[in-house]
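# Structural characterization, general
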Amino acid sequence: MRSNNVRPKKNLGQHFLTDLKIAENIADTVDACPAIPVLEVGPGMGVLTQFLLKKDRALKVVEIDAESVGYLKSNFPGLSSNLIEGDFLKMNLNGLFQNNPFVLTGNYPYNISSQIFFKMLENKDIIPCCTGMVQREVARRITAGPGNKDYGILTVFIQLWYDTEYLFTVDENVFNPPPKVKSAVIRLTRNNRASLECNYDLFRKIVKGTFAQRRKMLRNSIRSVVGTDYELPPAAPWLEKRPEQLSIQDFIGLTMELENR
C-alpha cells in the first residue's frame with residue numbers, strides 16, 4: 001500500500017501502521033471469538049482491513065476521515081457496501097449486524113481510545129470480544145490489577161464486565177508518523193457477569209469519587225460520595241485503604257454496605 005496516499009491528521013489521532021506482520025498479528029486477535037461478525041474502527045488505509053477480509057466472516061468498517069474513505073473505496077472496492085463513513089462514537093451499534101453480537105477491533109485513534117471503550121461498555125451485551133491497538137499507557141491501565149499504580153477508573157469499569165489481556169507491545173518506528181509513545185495490543189473478552197448485585201449508579205459514584213482523590217484513604221475520600229453527615233461503619237476493613245487497593249469485588253461489597261446503611 002502507498003502510505004503517502006492519505007495524509008495523517010493530528011486532530012484525528014492518526015498514526016498509520018506500516019508493518020504488515022504486526023497488522024496480521026492484530027487481525028489474528030479476533031480469532032478468539034470465532035464465527036461472529038467484525039467491526040473495525042478507523043481502518044485508515046486498510047493495513048489491518050486487508051487481513052480481516054481474509055477471515056471469511058462478515059466485516060464492516062467505520063471511518064470518519066473523508067480522505068481515508070476515498071482511499072478505501074479505490075483500493076478495496078469489494079468493501080464499499082460495508083464501509084460506513086461516520087463517527088463511531090455517535091453510532092447506534094444495535095442495528096449494525098441485525099442486533100447480533102460482533103467483535104470490535106481496530107488500530108484505535110489515540111485521542112479517543114478511552115471513549116471507544118466506554119462506548120463498548122454501553123453495548124457490552126452485543127460486544128463479547130474487543131481487540132486492538134492503543135497507547136501502551138492505556139493498555140496498562142485497562143489490564144492492571146489492584147495495588148498497581150495504573151489501576152484506576154477505566155480499569156474497574158472494564159474489568160467489571162470483561163477479562164483483559166495485554167498481548168504484545170508495538171514500537172514507535174512502525175508507524176507513519178511515529179508516535180511519541182509505545183503502543184500495545186490488548187484483548188477484552190466478556191466475562192460471566194450478567195448483572196451487578198449492587199446499585200450501579202452508586203457503584204459508579206463510589207469508584208469515580210474515590211479515584212478522584214486516589215491518594216486519600218477511603219475514610220476521607222468516601223465523604224465526597226456519601227456526604228459529611230454520613231456515619232461511617234467503625235470497623236470496616238476498607239476504611240484504611242486507598243481505592244487502587246480494592247478489587248472489583250471489594251468495590252461491589254463497599255457499594256452494597258453503603259446502600260444497606
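### Topic: the side chain of Arg190
In this structure, Arg190 sits in strand β9 (residues 183–190). You can call Arg190 buried: its relative accessible area is 18%. Looking at Arg190, its side chain comes within polar contact range of the main-chain oxygen of Trp161, at 3.3 Å. A distance of 3.3 Å separates polar atoms of two side chains, one belonging to Arg190 and the other to Asn191.

### So, the nonpolar core
In terms of nonpolar packing, the biggest core is built from 53 residues, with Leu104, Phe117, Met120 and Phe203 touching the most fellow members. Breaking this core down by element, the ones donating at least two residues are β2 (38–41), α4 (113–122), β6 (129–135), α5 (136–143), α6 (153–159), β9, α7 (200–211) and α10 (248–260). What Met120 contacts, discounting residues up to four positions off in sequence, is Leu104, Ile127, Cys130, Ile158, Tyr162 and Leu188. Counting 28 residues, the second largest nonpolar core, distinct from the first, contains Val30, Val69, Leu72 and Val170.

### A short note on the packing of α7 against α10
Orientation of α7 relative to α10, taken along the N-to-C sense of each, is 115 degrees, at an axis distance of 9 Å. Considered as vectors, α7 and α10 are oriented roughly perpendicular to each other. Once α7 is placed against α10, the crossing between them reads as right-handed. The segment α7 lies against α10, with Leu202, Phe203, Ile206, Val207, Thr210 and Phe211 engaging Ile248, Phe251, Ile252, Leu254, Thr255, Leu258 and Glu259. For the contact of α7 with α10, the class distribution of residues is 10 nonpolar, 2 polar and 1 charged.

### Let's talk about the state of the cysteines
On inspection of all chains with the given rule, the structure shows 0 disulfides. Residue Cys130 stays outside any disulfide, its sulfur separated by 7.3 Å from that of Cys129, the closest cysteine. Taking relative accessible area as the criterion, Cys130 reaches 1% and is therefore assigned buried.

### Some points on the sheet that holds β2
If you walk across this open sheet you meet the 7 strands as β4-β3-β2-β5-β6-β9-β7, and the pairing is mixed. With one partner strand each, in any of the chains shown, β4 (83–85) and β7 (162–170) form the two edges of the open sheet. This sheet shows a mean twist of 20 degrees between the axes of neighbouring strands, independent of strand direction. Pairing geometry for β2 and strand β3 (residues 59–63), over 4 bridges, is parallel. Pairing of Val41 across the sheet is with Val62, part of β3. With respect to the sheet, helix α1 (residues 20–28) is in contact with β6, β7 and β9, its orientation differing from that of β7 by roughly 170 degrees. Sitting on the sheet, α5 touches β6, β7 and β9, and the angle it makes with β7 is about 150 degrees.

Rules behind the numbers
- Residues numbered from 1 in each chain as written.
- Predicted model: local features only at pLDDT ≥ 70, side-chain atom pairs only at ≥ 80, totals over all residues.
- Heavy atoms only, no water.
- Helix = DSSP H or I, 4+ residues; strand = E, 2+ residues; numbered from the N terminus.
- Buried < 20%, exposed > 50% of the residue type's maximum accessible area, 1.4 Å probe, protein only.
- Polar contact = N/O pair within 3.5 Å; in protein donor to acceptor, adjacent residues only side chain to side chain.
- Core = buried A, V, L, I, M, F, W, Y, C linked by side-chain atoms within 4.5 Å.
- Contact = heavy atoms within 4.5 Å.
- Axes fitted to C-alpha atoms, helices over the stretch in contact; angles between N-to-C directions.
- Parallel < 35°, antiparallel > 145°, perpendicular 65-115°, else oblique.
- Left-handed = near helix turned anticlockwise from the far one by under 90°.
- Nonpolar A, V, L, I, M, F, W, Y, C, P; charged D, E, K, R; others polar.
- Disulfide = S-S within 2.5 Å.
- Pairing = 2+ DSSP bridges.

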